[in-house]
Amino acid sequence: MPSKMVVQSRSSGRLNLSNQNLTEIPEALWEEDLGETTQKRRTPDYSFDKVDDGGANWWEVVDLVRLVIADNALQTVDPRVGGFQALALLDLRNNMLTSLPDELCDLLNLSILNVSGNALQTLPEGIYGLPITELNLSYNKFTTLPEQLGAMRRLATLDASHNALTSLPLSLTQCRALTHLNVAKNALSRLVEASGSTIIFPTLMDLDANGNVLSHLFGDAAELPALQRLDLRHNKLRMFPPEKGLNLTLTVVKEMYLSHNFIGSLGDDVLRPAEEQLQTLDIGNNELNLFPVSILRCIQLKRLDISNNNISKLPPQLGNLETINTFLFVGNPLRGIPTGPTSRVLALLRDRIVDTTPEIASATTSRSTTPSRSTITSAAQSRASSPGGSTSSSSAASLVRASAQESATRTVDLSHKSLNDDVDPAAFTTVAFDPSSLLLHHNAFTRAPVAAIAQLAASLTTLVLSHNRIMEFPHLLDLPELRYLDLSSNLLSSFPNQTNPTDPSRLPSLVELNVSRNRIVALPDRFPFPNLEALLVTGNSLTALDPETLIAMSNLSVLDVADNDIKQINPRIALTPKLRVLRIAGNSFRVPRRDIVERGTDAILEYLRDRIPVY
């Protein structure tokens with residue numbers, strides 16, 4: 001088969017030998033005068049009616065310009081590859097290479113070099129003098145990059161992720177064509193620094209440094225006038241910018257990812273230069289105590305994540321940012337902010353901007369969704385007559401005593417109360433209204449308080465149990481009206497499984513399930529939630545996705561499985577009937593490639609559909 005591919009490449013100039021279980025480059029590549037280094041030359045037959053032995057007419061033979069030998073078992077590269085002078089692309093990814101021959105430095109037309117997924121620690125010095133525009137060194141064993149890197153004046157894309165880099169050369173700033181720099185998953189404690197000088201990356205548009213140990217970035221000053229995407233997730237930053245006095249110029253940044261650090265403050269001026277450009281800001285899983293007011297100036301913001309911080313109050317003016325279509329805030333000690341659609345939360349905040357006089361407050365209350373008095377009385381009497389209701393103690397009553405604001409929003413907020421498995425179900429019979437939201441996050445439950453929640457089952461639409469130590473999914477809960485269930489940041493290891501499709505669901509109305517940051521290793525064969533639309537499983541231990549499980553979910557439109565350990569994406573996932581949002585970044589699969597994943601759901605689904613076998 002490789003010999004046949006070599007013959008066909010004579011007329012196309014392109015040869016793809018990937019996934020051929022090769023341990024060496026086929027000798028056929030240099031036979032019959034295909035390469036310039038062979039000395040076995042034939043006298044060409046110039047007859048116009050005789051076909052060349054190689055399968056192409058002599059006038060159709062072209063130089064080899066693309067050579068792909070990816071996903072094989074090569075331990076060395078034949079030095080004769082350096083004889084293909086017209087070669088513009090060389091793809092050696094996912095082999096077993098520990099070194100490259102110096103002869104590759106003779107490829108004076110090489111513009112794309114991919115050696116990812118090998119065991120390289122260095123490159124031949126002459127490589128840095130080639131006109132390379134795209135260099136992929138990811139998934140190797142590099143601990144440093146040489147200063148010669150600065151000689152690559154045409155380099156536009158450098159991927160050095162998943163190595164063991166501890167520093168970056170200052171000469172990197174001399175790569176004046178550099179637009180994409182990926183140094184994620186290394187051991188960097190700082191990026192590029194020059195004491196007393198301004199670091200300038202004039203053309204850099206995408207900087208990905210997530211998964212390092214960064215505590216500093218650039219030293220005294222840095223200018224990134226073209227930067228549109230900055231990813232610093234999973235580092236050790238304690239504030240941003242991380243250096244006091246750092247003059248960091250980000251004028252056109254559209255996406256900024258700072259989650260999973262230790263950030264306690266966001267500089268007031270850091271967002272000012274890009275306040276009319278910023279569309280995505282992720283500062284979740286940090287140590288913020290106050291909502292950064294500079295966010296209120298970001299008039300184009302579409303996605304905001306402040307989840308899992310220590311923010312206790314949201315400014316009402318946030319409701320004016322009507323461009324926001326995704327707002328994530330769970331895991332904060334917020335009161336009176338119901339979980340639910342972003343538009344609903346923003347509308348609630350907008351209402352509070354004018355809620356400054358008794359008359360307006362009264363009018364706002366009259367427009368609220370507070371149940372009628374007869375409903376309240378009926379609900380209270382029903383709960384009072386339930387087992388344990390007549391013996392409710394005054395301490396139990398005080399436990400669930402709702403503020404006027406909580407009553408108006410039909411919310412029972414018992415978050416941050418140090419509650420545990422001994423909570424008295426009788427306490428929940430004292431609620432004098434039909435609650436729609438029950439907040440039990442940031443407590444010490446090891447199992448869901450089923451008996452207590454059951455007291456409010458008839459009216460609950462939102463249940464938040466995040467940030468506890470719950471080890472088992474609360475499969476015994478019967479909540480007919482529940483639409484939103486948040487079990488993120490617990491110790492769950494599995495989902496409930498519907499073994500019999502005819503069994504009635506205990507959560508028939510559930511549309512959104514959040515089990516992010518647990519220990520879940522697999523999806524069930526069949527989910528017992530017939531109306532589920534959004535499934536959030538980010539930050540777990542999934543290793544695979546069964547497409548049949550997803551295809552059976554007829555209403556699923558949002559699936560977030562980012563930051564797991566999924567090793568392969570089955571193309572049949574694209575057959576999930578209503579899927580419109582698919583997040584799969586941060587896993588261990590090699591395909592789809594990162595550039596496809598970064599283009600979003602449409603690109604991913606298109607890629608997967610093209611690879612579904614047709615029988």
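Computed from a predicted structure; not experimentally measured.

Enquirer: For this particular structure, what's the right way to read the overall build of the protein chain?
Expert: Looking only at helices and strands, the protein chain has 10 helices and 24 strands in total. Nonlocal contacts in the protein chain, meaning residues at least 24 apart in sequence, comprise 49% of its contacts between residues at least 6 apart. Working note: accessible area of the protein chain is about 27,900 Å², and carbon and sulfur atoms make up 49% of it.

Enquirer: What should I look at first to understand the nonpolar core in this one?
Expert: As a rule of thumb, nonpolar side chains are buried together in soluble globular proteins. Core analysis: the biggest nonpolar cluster contains 97 residues, and Leu158, Leu172, Leu191, Phe218, Phe240, Met256 and Leu304 have the highest contact counts within it. Broken down by element, the residue count for this core peaks at four residues, all from helix 2 (residues 342–353). The residues touching Phe240, leaving out its near neighbours within four places in the chain, are Leu217, Leu230, Leu232, Leu248, Met256, Leu258, Ile263, Ser265, Leu266, Gly267 and Val270. Among the nonpolar cores identified, the runner-up in size contains 62 residues, and Leu460, Phe527, Met553 and Tyr607 belong to it.

Enquirer: Just to check I follow, could you spell out helix 2 for this structure?
Expert: Along an α-helix, residues three or four apart share an orientation, since each turn contains 3.6 residues. An ideal rise of 1.5 Å per residue puts 16 Å on 12 residues; helix 2 measures up with 17 Å between its terminal C-alpha atoms. For helix 2, the complete set of buried residues consists of Thr342, Val345, Leu346, Leu348 and Leu349. All buried residues of helix 2 lie within an arc of 155° about the axis, which places them on one face of the element. Tucked into the core, helix 2 has its buried residues touching strand 16 (326–328).

Enquirer: Just to check I follow, could you spell out a negative patch on the surface for this structure?
Expert: Where like charges cluster on the molecular surface, the negative patch consists of Asp102, Glu103, Asp106 and Glu125. Here Glu103 shows up in the loop between strand 3 (89–91) and strand 4 (112–114).

Enquirer: Sorry, what's going on with the sheet that holds strand 19 (residues 462–464) here?
Expert: Think of a sheet as strands paired side by side through backbone hydrogen bonds, with each pair either parallel or antiparallel. If you walk across this open sheet you meet the eight strands as 17-18-19-20-21-22-23-24, and the pairing is parallel. Looking along the sheet, the strands with just one partner apiece sit at the ends: strand 17 (411–413) and strand 24 (581–583). Going from strand to strand, the sheet's axes swing by 5° on average, the running direction of each strand aside. Note that strand 22 (residues 534–536) and strand 23 (residues 558–560) share three bridges and pair parallel. Note on strand 23: the bridge partner recorded for Leu536 is Asp560.

Enquirer: How should the side chain of Asp282 be read in this particular structure?
Expert: Position of Asp282 among the secondary structure elements: in strand 14 (residues 280–282). A distance of 3.1 Å separates a polar atom in the side chain of Asp282 from the backbone nitrogen of Gly284. In this structure, Asp282 is in contact with Arg233, Met256, Tyr257, Leu258, Ser259 and Asp305, ignoring residues within four places of it in sequence.

Enquirer: Is there a simple way to think about the packing of aromatic side chains in this case?
Expert: Any pair of aromatic rings gets described here by the distance separating the centres and the angle formed by the planes. Within the structure shown, the criterion is met by four aromatic pairs. Taken together, a centroid distance of 5.0 Å and an interplanar angle of 35° make the contact between Phe327 and Phe329 tilted. Taken together, a centroid distance of 6.2 Å and an interplanar angle of 40° make the contact between Phe527 and Phe529 tilted. Residue Phe527 shares its accessibility class with Phe529, and that shared class is buried. Aromatic rings pair up to connect Phe473, Phe495, Phe527 and Phe529 into one cluster. Sitting over the face of the ring of Tyr257, Arg233 holds its NZ or CZ atom 5.3 Å from the ring centroid. Between the NZ or CZ atom of Arg238 and the centre of the ring of Phe262, over which it lies, the distance is 5.2 Å.

Enquirer: When you look at the side chain of Asn210 in this model, what are you seeing that I'm missing?
Expert: Mapped onto the elements, Asn210 comes out in the loop between strand 9 (206–208) and strand 10 (221–223). Classification of Asn210 as buried rests on a relative accessible area of 10%. Separated by 2.8 Å, the side chains of Asn210 and Asp208 make a polar contact. If sequence neighbours within four positions are ignored, Asn210 has contacts with Ala184, Lys185, Asp231, Leu232, Arg233 and Asn235.

Enquirer: I tried to follow the pattern of salt bridges on my own but got confused; where do I start?
Expert: Oppositely charged side chains can form a pair if their charged atoms are brought close together. Per the counting criterion, the structure on display carries 17 salt bridges. When the shortest N-O distance is used, the salt bridge between Arg297 and Glu275 registers 2.9 Å. On the criterion of sequence distance, the pair formed by Arg297 in the loop between strand 14 and strand 15 (303–305) and Glu275 in the loop between strand 13 (255–257) and strand 14 is long-range, its members being 22 residues apart. With its nearest N and O atoms 2.9 Å apart, the salt bridge here joins Lys567 to Asp565. Residue classification places Lys567 among the exposed positions, given a relative accessible area of 51%. Here the residues in one salt-bridge network are Asp206, Asp208, Arg229, Asp231, Arg233, Glu255, Arg594 and Glu598, joined through shared partners.

Enquirer: Help me understand helix 10 (residues 601–609), please; the structure alone is not making it clear to me.
Expert: Looking only at helix 10, the buried set comprises Thr601, Ala603, Ile604, Leu605, Tyr607 and Leu608. Turning to helix 10, the residues buried within the fold contact strand 24 and helix 9 (594–598).

Enquirer: Is there a simple way to explain unusual backbone geometry in this structure?
Expert: The bulk of non-glycine residues show a negative phi, and the bulk of peptide bonds are trans. Here the amide bond leading from Val591 into Pro592 is cis, since omega sits at 5°, within 30 degrees of zero. Relative to the elements of secondary structure, Pro592 occurs in the loop between strand 24 and helix 9. The backbone of Asn308 sits at a positive phi, close to 55°, despite the residue not being glycine. With relative accessibility at 8%, the residue Asn308 sits in the buried group. At Asp563, a position not held by glycine, the phi torsion is positive, near 60°. By relative accessible area, which is 33% here, Asp563 ends up partly exposed.

Enquirer: What am I meant to see in the environment of Val192 here?
Expert: Inspection of the secondary structure assignment puts Val192 in the loop between strand 7 (180–182) and strand 8 (198–200). Put simply, Val192 and His216 are 24 residues apart on the chain and 9.4 Å apart in space, counted from C-alpha to C-alpha. Excluding anything up to four places from it in sequence, Val192 contacts Leu168, Pro169, Leu170, Leu172, Thr173, Ile199, Phe201, Leu217 and Phe218.

Enquirer: I'm lost on the environment of Ile353 in this one. Help?
Expert: Relative to the helices and strands, Ile353 is located in helix 2. Each C-alpha atom of the pair Ile353 and Gln317 lies 6.5 Å from the other, and the pair is 36 residues apart in sequence. Those residues in contact with Ile353 that lie beyond four places of it in its chain are Pro316, Gln317 and Asn320.

So, how was this worked out
- Residues numbered from 1 in each chain as written.
- Predicted model: local features only at pLDDT ≥ 70, side-chain atom pairs only at ≥ 80, totals over all residues.
- Heavy atoms only, no water.
- Helix = DSSP H or I, 4+ residues; strand = E, 2+ residues; numbered from the N terminus.
- Contact = heavy atoms within 4.5 Å.
- Areas by Shrake-Rupley, 256 points an atom, 1.4 Å probe, with all protein chains shown as cover.
- Core = buried A, V, L, I, M, F, W, Y, C linked by side-chain atoms within 4.5 Å.
- Buried < 20%, exposed > 50% of the residue type's maximum accessible area, 1.4 Å probe, protein only.
- Expected span 1.5 Å × (residues − 1).
- Arc of directions from axis to C-beta.
- Patch = residues over 30% accessible without salt bridge, like charges linked within 9 Å, V, L, I, M, F, W, Y side chains within 5 Å.
- Salt bridge = Lys/Arg side-chain N within 4 Å of Asp/Glu carboxyl O.
- Lys, Arg positive; Asp, Glu negative; His and termini not counted.
- Charge placed at Lys NZ, Arg CZ, Asp CG, Glu CD.
- Pairing = 2+ DSSP bridges.
- Axes fitted to C-alpha atoms, helices over the stretch in contact; angles between N-to-C directions.
- Polar contact = N/O pair within 3.5 Å; in protein donor to acceptor, adjacent residues only side chain to side chain.
- Phe/Tyr/Trp six-rings, centres within 6.5 Å; stacked < 30°, edge-to-face > 60°.
- Lys NZ or Arg CZ within 6 Å of the ring centre and 35° of its normal.

Take it as geometry only, folks, not as evidence of what the structure does.
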